[in-house]
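Structural characterization, general
Spelled out, the chains give:
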Amino acid sequence: MILAGILSPITVTHYLVVGIILFVCGIVCLVVKRNIIAMLIGVELILNGANINLVAFSSPQLFASGTAPLLLDGQVFALFVMILAAAEAAVALAIALQFYSRFGTVDVDQGGQLNG
Amino acid sequence: MNELLELITQIEQNLAVSVRLWIPEICLVVTAIALLLQRMVFPAWRRGASFIMFVGSVAALAVLIWQVAGQSNAAGSVGAFLDVLRLDQLAAFLRGLILLFAVLFSVLTWLTHWPRIEDRGEFYVLFLGSVIGMCTMVAAENLLLVFLGMEMASLPSYILAGFEKRERRAGEAAMKFAVFGAAMAGVMLYGLSLLGGSLGSLDLPTMRANLTALASHRDLHGHGLSLILGTLMVVAGIGFKLSAVPFHFWLPDVFEGAAAEVGVFLSVISKAAALGLLTRLCLTLLGTDQASAAGLPGPLIPFVVGTLSLLAAVTCTYGNLAAYGQTNFKRLLGYSTIAHAGYLVMPVAAAVAALPVSQETARWAVASMLFYLVVYMFMNIVAFAGAAFLSRGAPGEKIENYSGLVRTAPGFVICLAITLFSLVGLPPLGGFAGKFAIFASLASAQLWALLVVAAVNTVFSLFYYVRVVKVMVLDPAAQSLSFSLPLSSPQGMFLVLTTAPVVLLGILWQPVFDLVCRAAGCQ
């Protein structure tokens, strides 16, 4: 049974499972961690989970029909997401640095001047 | 190889037309570059940044108006850049609204002397970057452009929220905004990847066609989970931009911590762009198929209507109830913005609900949303400009600090009072006409429960807006208050000029209503 599972060909579902695991890890990271840097790592995990989906949907080998739903579009989308993730990290880290210089910590709960 | 050549010829044919239609945004890019160069080339020209910003945004708006006025109704819908952008009447109207706001915003920052002259160049560059992203959002017809536009609009706004470097609260607000914003963008991207993967394309009309094929083959069950998850995640991402409950928690903090000028930017065009995107996604994906002219069968439309109605009702009620206990004026306006996001999502729900019955009703609902958006823009500009002038001149931002303001600044208080009454929706002001249009669209789409929620909320909202006016007019004057703002000063004239549309739209709504009907495609 397990052997059959291992030997069966890899399909798009396997990749989607990896994607959703990364996504859930990212969400958990965001909810549990109070450190800004750790929360940003969570965001990166979410984006990469989505990226795995996009690339899997654009790979024809993974589909029995021999053609993929997204083809090149999905791969281009994934490249754009990488660039945007880098831009987002740059902005968020600059803001985190400014937060640190003002509050002396990168713990989000230590701000506490505003209570949303 | 042949496919590639074909693609290149297609791009060549399409490019000239596309670039010509995208000139307003190119104007903004040129303005941003000029702003960056101005500091190096003419460092002595201290007012340079404001001047370049004003000229650039006026030029962009003028080009857009000239283009729209020059084209006939039938030629209104063009797919630009290989159909990734749909430049139709709706996109033209919303881009016009966004650019008009950019013009008013440059005047407002000139008058409030914020940010400081040295920082102004960077401030405007970030603002323009965000504006270009919003123009992309309202025209996007491809999931890649949807995400790109959202991120382009969001990233500079995180920095703008923390722009006041000396203010401790601004740093905290920017940090919350950036982390939650990035997280919600990631969730939305995951939703987009699910929708694109299960519908087999990133192009919205193609997705629509594939959706019909899936629904007619009773194949929807295989994709049901990914479609529902994808829809919910995309609604969550747009809901964050709209500050809909339960994705609203960043907004009051950001509005209290950031400057009022940033508040007006986030509350007006950021919402306008998100609503434009939501409308286009709903109408293209769930509307009538252009190729086969068939409606969408299956349970998807009731599901989307239910989600949007629930979102709108909860957002509206929460915003109005939470505004009661507020003592800070900017924070109060933040909650008022949340409530109005609820009112503005209602007609979108009505439009989706009307889609299977009548296209015309759906278009009227979109028109009512656009009309309210115009009124809402002017109302919020006056309210936030008032808050900005007060925060520079009066001692503190608490509402009680403003008691008896009518004795030192009568004209200012009258403008602010008119706007606050209009935000409630009292006749004969613009807010009444806008709310009436929205209620009418809810009634014609037969969303009675939502109509009741909206009506009850209007009554709720009366009290906290009137409380501000009462403190300013009836309460005894505070000792330390020395704020005065005659209407003949440039600041006063700006207030009068932006209050005038609020009053006029309540009496003479017909010209603007014709305009929004044309934008929504009503007959």
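Look a little higher up for the structure.
A few points on the structure. Small disclaimer: the values here were computed from a predicted structure and weren't measured. (Residues numbered from 1 in each chain as written. Chains lettered and ligands numbered in written order. Predicted model: local features only at pLDDT ≥ 70, side-chain atom pairs only at ≥ 80, totals over all residues. Heavy atoms only, no water.)

**Examining the state of the cysteines**
- Tallying each qualifying case throughout the model produces zero disulfides over all chains.
- Here Cys25 of chain A is not disulfide-linked; the sulfur of Cys29 of chain A is the nearest cysteine sulfur, at 8.5 Å. (Disulfide = S-S within 2.5 Å.)

**What to know about the interface of chain A and chain B**
- Taken together, the 40 residues of chain A in the interface contact 42 residues of chain B.
- Together chain A and chain B conceal approximately 3600 Å² of surface at their shared face, both sides included; 74% is due to carbon and sulfur atoms.
- Taken together, the elements giving at least two residues each to the side of chain A that touches chain B come down to helix H2 (12–32), helix H3 (36–57) and helix H4 (72–103) of chain A.
- Here the residues of the side of chain A that touches chain B are counted per class, giving 27 nonpolar, 10 polar and three charged. (Contact = heavy atoms within 4.5 Å. Buried area = accessible area lost by both parts, 1.4 Å probe. Helix = DSSP H or I, 4+ residues; strand = E, 2+ residues; numbered from the N terminus. Nonpolar A, V, L, I, M, F, W, Y, C, P; charged D, E, K, R; others polar.)

**Looking at the packing of helix H14 (residues 359–393) of chain B against helix H19 (residues 490–507) of chain B**
Residue and element names in this part refer to chain B.
- Two numbers describe how H14 lies on H19: the axes approach to 9 Å, and their chain directions differ by 150°. With respect to their mutual orientation, H14 and H19 come out roughly antiparallel. As H14 runs across H19, the sense of the crossing is left-handed. Of H19, the residues touching H14 (which contributes Phe371, Val374, Val375, Phe378, Met379, Ile381, Val382, Ala385, Gly386 and Phe389) are Gln491, Phe494, Leu495, Thr498, Thr499, Pro501, Val502 and Leu505.
- Looking at the contact of H14 with H19 residue by residue, the class counts come to 14 nonpolar, four polar and no charged. (Axes fitted to C-alpha atoms, helices over the stretch in contact; angles between N-to-C directions. Parallel < 35°, antiparallel > 145°, perpendicular 65-115°, else oblique. Left-handed = near helix turned anticlockwise from the far one by under 90°.)

**A closer look at the pattern of salt bridges**
Residue and element names in this part refer to chain B.
- Tallied over the entire structure, the rule returns 18 salt bridges over all chains.
- Glu25 is paired through a salt bridge with Arg95; the nearest N and O atoms lie 2.9 Å apart. Taken together, the residues span a long stretch of sequence, with Glu25 in helix H2 (residues 23–41) and Arg95 in helix H4 (residues 89–112) at a distance of 70 residues. With respect to class, Glu25 is no different from Arg95; both count as buried.
- Lys176 is the partner of Asp253 in a salt bridge, and the nearest nitrogen-oxygen pair spans 2.7 Å. A residue pair is termed long-range when its members are at least 10 positions apart, and Asp253 in helix H10 (residues 250–257) and Lys176 in helix H7 (residues 168–199) qualify at 77 residues. In this structure, Asp253 and Lys176 share a single accessibility class: buried.
- Overlapping salt bridges, with partners in common, bring together Glu167, Arg169, Glu172, Lys176, Asp253, Glu256, Lys330, Arg331 and Glu397 in one network. (Salt bridge = Lys/Arg side-chain N within 4 Å of Asp/Glu carboxyl O. Buried < 20%, exposed > 50% of the residue type's maximum accessible area, 1.4 Å probe, protein only.)

Honestly, it's all geometry; don't read function into it.
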